[in-house]
Amino acid sequence: PNLPKDQLDRDSPWIQADEPEKGLAIRQAMSLAINREQILQTVLGGYGEINYAPLIQYNANPELVDPSWELPEFDLEQAKQKLAEGGYPNGFPVEVFLYQDEVDTMRVGEAIAGMWEELGLQVTRRPSEEDILDPLLNARDTAGFVFVKLQGNEPMNIVLHQYASAREDGDYKINHPIIDEGVDAYIAAPTQEEKYAIQRETATRMRDEMIIIPMFNVDLPMVVGPGIADWSPVPGDKELNNLNTATAAG
């Protein structure tokens, strides 16, 4: 809604450049239709938590959680009301891009697809690979489909410069000036306390505008054998890390 109308899609149900409040209602409907707790328990085995805000909010760090936030709701009836408010009471076609990552993004995406069918959307599933998705994202050739994206815990400017910007000069997947404003302020902030505050503010704007639908902070368990006495991996880093802290048993 903060982009000039000529840069927004008039035909996309979840954008509706000429009536952005209706596009927002559709995005809210799509979020409300997702039963996150069910996905967390049945697909992810309970290894994780529902998160408050998208992409740059991590429950394990209390500095990144605004106390006024509430967790995303699951309410199918309210979702259907929002769908009607957005002008699509009978749903619309949407393509769900399914691919496998370190966390089971394939089955998470499949679960969401089924829940959106319960909402009344006409869902097409597109099983593929992330190597196919990334060039489409880079070319901004993703009109009409959605995907689940996994992102590790890194500083806000790294995450959002890598994945999200309204600018044209990077590897961006999501385009919105809220993101650029937040990144610029974050980089300029002199203290970590101020950076956390900017990260919370940016996450709030992203969740309120439903620019990205928040899902989970997911645990990524690593199996360690009895030969390791102690190890301190970096929280939130999805790669095998900090092996210099590992000590042998015995």
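Residues numbered from 1 in each chain as written. Predicted model: local features only at pLDDT ≥ 70, side-chain atom pairs only at ≥ 80, totals over all residues. Heavy atoms only, no water.

1. Considering the environment of Arg125
With respect to the element layout, Arg125 can be found in strand E3 (residues 122–127). Look at Arg125 and you get partly exposed, because its relative accessible area is 29%. Residues Arg125 and Leu98, 27 residues apart in the sequence, show an inter-C-alpha distance of 6.9 Å. With residues up to four places along the chain from it excluded, the contact list for Arg125 reads Val96, Leu98, Glu110, Ala113, Gly114 and Glu117. (Helix = DSSP H or I, 4+ residues; strand = E, 2+ residues; numbered from the N terminus. Buried < 20%, exposed > 50% of the residue type's maximum accessible area, 1.4 Å probe, protein only. Contact = heavy atoms within 4.5 Å.)

2. Observations concerning the pairing of E3
The pairing of strand E2 (residues 93–98) with E3 spans six bridges and is parallel. In the sheet register, Glu95 faces E3, and the bridge partner there is Thr124. A crossover connection joins E2 to the parallel E3 through helix H4 (residues 105–119); in handedness this β-α-β unit is right-handed. (Pairing = 2+ DSSP bridges. Right-handed = clockwise from strand over helix to strand, strands pointing away.)

3. Some remarks on the packing of aromatic side chains
Considering all chains together, one arrives at five aromatic pairs under this definition. What links up through ring pairs into an aromatic cluster is the set Trp14, Tyr88 and Phe92. If you follow Arg126 out to its NZ or CZ, it ends over the ring of Phe145, 5.7 Å from the centre. Geometry around Tyr186 places Lys195 over its ring, the cationic atom sitting 4.7 Å from the centre. (Phe/Tyr/Trp six-rings, centres within 6.5 Å; stacked < 30°, edge-to-face > 60°. Lys NZ or Arg CZ within 6 Å of the ring centre and 35° of its normal.)

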